[in-house]
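# Structural overview
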Amino acid sequence: MPRAPWRRRRTTDSPRPAGRQWAGRLRRGGTFARQVLLVRVARRHDEMALPATVVRQARRDSDGMDVARFGVDAVTAREIESIAPVSPAVGPAGPAPDADAGISVPLLPGERTLARRAKFALVNACTLASLGLGLLAIFLAMQGDVRLAAAFLIACVIFDGLDGALARKLGVSSPFGAQMDSLADMCSFGLAAPVVVYASLAGTVPTAGAAVACALVAGCAAIRLARFNVSPKDGRFFCGVPTTMAAAVLALAVLIGLPLPGLAKLAVVALLAFAMVSSFPYAKLARLIKLPPWLWLLPLVGALIDIRLTFVMIVVGYLVSGPLLWLRQRRAV
């Protein structure tokens, strides 16, 4: 003798009511809700096994229709898709967007007037000038004009600082300009500076040692620029020595001709390379300008006495300031 419908095993959404009529209605409503909530889960988890007393599935792939039988009722997959909730993490099922339909992103955000375009072109011309000067420095270093190549590197530093200042002053800063500036810095300071240093060290140090030291500068410059692009910006300090400042130090060292032994020069080049990828905070130029005026008189007087010694003391003082600021921040925490 078959059991009465209301004596079947209870599920989470079909309680056991007192009468046959209410039991049938609740079971049908609960069954439809289970179909809506469970069919999509089973489909997205490789037909995960559901309780045998609840689900019996049969597929028909000829016309793209999936029929699922839950308990007594049978509802097609298309009907369930039309009313089933869609998780925002998964997204609605449907055809993938056309990959060829690209979206044109303007290089200059905001109002695109003729005046703003001219300002935007001026800023990017400074960036391209820095890139071109870096290439000229490489060509000159290959021909043996090392000091002239170092002078062109210093001009690269000037134009690199000029394009950022003009972009902020004229109000034409853009993500395109930031990426273009980063690529130009890699060419001018990540490649041109090591080439000039390598040409200046030729004949005074072993070739393998000079090559390794210059390769360190190029690799650390690439890491430094990539980290700068993806890191949050701090208006007060740099995280590590910026590539622009490291290239300026190397160019000035070649230009003035520091009277150091060959191994000491290699050590200085390697130290600058590692300082670029360090996590020590180094003050930006805007903070250095705000120092008391008498501090600026000391290097000027020292340059009149011995420019090489003064240059070495300034570089060493700036490199040491990073670890000191780091220790001060650690103690404050």
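Just so it is clear, the structure is predicted and the values come from calculations on it, not from any experiment. (Residues numbered from 1 in each chain as written. Predicted model: local features only at pLDDT ≥ 70, side-chain atom pairs only at ≥ 80, totals over all residues. Heavy atoms only, no water.)

### Observations regarding the overall build of the chain
For clarity, the cut-off: Each helix is a run of DSSP H or I of at least 4 residues and each strand a run of E of at least 2, with the numbering of both proceeding from the N terminus. Exposed residues in this analysis have more than 50% of their type's maximum accessible area, buried residues have under 20%, and partly exposed residues fall in between, with area computed by a 1.4 Å probe over protein chains only. Two residues form a contact once any of their heavy atoms are found within 4.5 Å. Values of accessible area rely on a 1.4 Å probe in the Shrake-Rupley scheme; residue burial ignores everything except the protein chains shown.
When you go through the chain residue by residue, the secondary structure sums to 11 helices and 5 strands. Burial statistics for the chain: of 333 residues in total, 33% are counted as buried. When contacts within the chain are restricted to residue pairs at least 6 apart in sequence, long-range pairs at least 24 apart make up 69% of them. Taken as a whole, the chain presents about 20,900 Å² of accessible surface, with 67% of it coming from carbon and sulfur.

### Here we look at the side chain of Ser182
Stated precisely, the cut-off is as follows: As used in this structure description, the phrase polar contact means that two N or O atoms lie within 3.5 Å; if the pair is within protein, one of them must be able to donate a hydrogen and the other to accept it, and residues adjacent in sequence are counted only when both atoms belong to side chains.
Locating Ser182 in the fold gives a position in helix α5 (residues 175–201). For Ser182, the side chain forms a polar contact with the side chain of Asn229, separated by 3.2 Å. Beyond its immediate sequence surroundings of up to four residues, Ser182 is in contact with Leu225 and Asn229.

### A closer look at the confidence of the model for the chain
What counts here: The predictor attaches a confidence to each residue, and that confidence, scored 0 to 100, is pLDDT.
When pLDDT is averaged along the chain, the result is 75; 68% of the residues meet or exceed 70. Residue range residues 84–92 is modelled with pLDDT below 50. Its contacts to residues more than four positions away, or to other chains, number 11 contacts. Across residues 94–101, where pLDDT falls below 50, the model places 0 contacts with residues more than four positions away in sequence or in other chains.

### What about the packing of α5 against helix α7 (residues 243–256)?
What counts, and what does not: To get an axis, fit a line to the C-alpha atoms, keeping to the stretch in contact for a helix; angles then go from 0 to 180 degrees between the N-to-C directions. For classification purposes, an angle smaller than 35 degrees is called roughly parallel, one larger than 145 roughly antiparallel, one from 65 to 115 roughly perpendicular, and anything else oblique. For any pair of crossing helices, the crossing counts as left-handed if the nearer helix is rotated counterclockwise from the farther one by less than a right angle, and right-handed if it is rotated clockwise.
Where α5 contacts α7, the two axes come as close as 10 Å, and the packing angle between them is 20°. By the angle class used here, α5 and α7 are roughly parallel. Handedness of the crossing formed by α5 with α7: left-handed. Together, Phe189, Ala193, Val196, Val197 and Ser200 of α5 and Thr243, Thr244, Ala247, Leu250 and Val254 of α7 make up the contact between the two elements.

### Section: the side chain of Asp160
With respect to the helices and strands, Asp160 occurs in helix α4 (residues 146–170). Only 3.1 Å separates the side chain of Asp160 from the side chain of Thr244, close enough to count as a polar contact. In this structure, Asp160 is in contact with Ser130, Asp181, Asp185, Phe189 and Thr244, ignoring residues within four places of it in sequence.

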